[in-house]
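Secondary and tertiary structure notes
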Amino acid sequence: MVYVACLVVGLVMLVLGAQGGIRLLVDHGEAGILHQVPGGFEVWLACYAAMAVLGVVLAGWGAGRARRSGHVR
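This section reports on the structure supplied with the text. (Residues numbered from 1 in each chain as written. Predicted model: local features only at pLDDT ≥ 70, side-chain atom pairs only at ≥ 80, totals over all residues. Heavy atoms only, no water.)

Examining the overall build of the protein
- Summing up its helical and strand segments, the protein has two helices and zero strands in all.
- Its C-alpha radius of gyration of 15 Å places the protein more than 25% over the 11 Å reference for a compact globule of 73 residues.
- When each of the 73 residues of the protein is scored for burial, the buried share is 26%.
- Surface summary for the protein: the accessible area is close to 4800 Å², and the carbon and sulfur share equals 72%. (Helix = DSSP H or I, 4+ residues; strand = E, 2+ residues; numbered from the N terminus. Rg over C-alpha atoms; globule rule 2.2 N^0.38 Å. Buried < 20%, exposed > 50% of the residue type's maximum accessible area, 1.4 Å probe, protein only. Areas by Shrake-Rupley, 256 points an atom, 1.4 Å probe, with all protein chains shown as cover.)

Considering the environment of L24
- Structurally, L24 can be placed in helix α1 (residues 2-26).
- With 26 residues separating them in the primary sequence, L24 and A50 have C-alpha atoms 14 Å apart.
- Leave out the neighbours within four places in its chain, and L24 touches E30, A31, F41, W44, L45 and Y48. (Contact = heavy atoms within 4.5 Å.)

Focus: α1
- Compared with an ideal rise of 1.5 Å per residue, which puts 25 residues at 36 Å, α1 spans 36 Å between its outermost C-alpha atoms and is within 8% of the ideal.
- All of the buried residues in α1 are C6, L7, G10, G17, G20, G21 and L24.
- For α1, the secondary structure elements touched by its buried residues are α2 (41-69). (Expected span 1.5 Å × (residues − 1).)

Description of α2
- Spanning 29 residues, α2 covers 42 Å between terminal C-alpha atoms, matching the ideal 42 Å at 1.5 Å per step.
- Among the residues of α2, those classed as buried are W44, Y48, M51, A52, G55, A59, G62, A63, G64 and A66.
- Residues of α2 that are buried make contact with α1.
- The positive-phi residue at the C-terminal boundary of α2 is G70, with phi of around 90 degrees.

Some remarks on the packing of α1 against α2
- Axis separation between α1 and α2 bottoms out at 7 Å; the angle between their running directions is 155 degrees. As judged from the angle between their axes, α1 and α2 are roughly antiparallel. Considering how the two elements wind past one another, α1 and α2 form a crossing that is left-handed. (Axes fitted to C-alpha atoms, helices over the stretch in contact; angles between N-to-C directions. Parallel < 35°, antiparallel > 145°, perpendicular 65-115°, else oblique. Left-handed = near helix turned anticlockwise from the far one by under 90°.)

Notes on a nonpolar patch on the surface
- Residues V8, V12, L16 and I33 make up a contiguous nonpolar surface patch of about 340 Å² in total accessible area.
- Inspection of the secondary structure puts I33 in the loop between α1 and α2. (Patch = residues over 30% accessible without salt bridge, like charges linked within 9 Å, V, L, I, M, F, W, Y side chains within 5 Å. Salt bridge = Lys/Arg side-chain N within 4 Å of Asp/Glu carboxyl O.)

Set out below in structure tokens:
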């Protein structure tokens with residue numbers, strides 16, 4: 001069950017990171033959930049990219065472990 005939770009959290013991170021990064025590329029001033037992080041456009045984009053990459057890694061790990069433990073087909 002913990003692995004399925006990791007899968008879900010990873011997918012949420014992936015969606016938020018990708019959606020925020022795309023929104024930031026379209027409108028450079030709209031930081032979304034990172035509006036309080038100092039640094040400007042480059043820092044915000046790096047944070048969104050890191051969130052998306054970590055989400056992919058976490059979701060992949062959770063999916064693999066859940067599949068091996070029999071919780072996901």
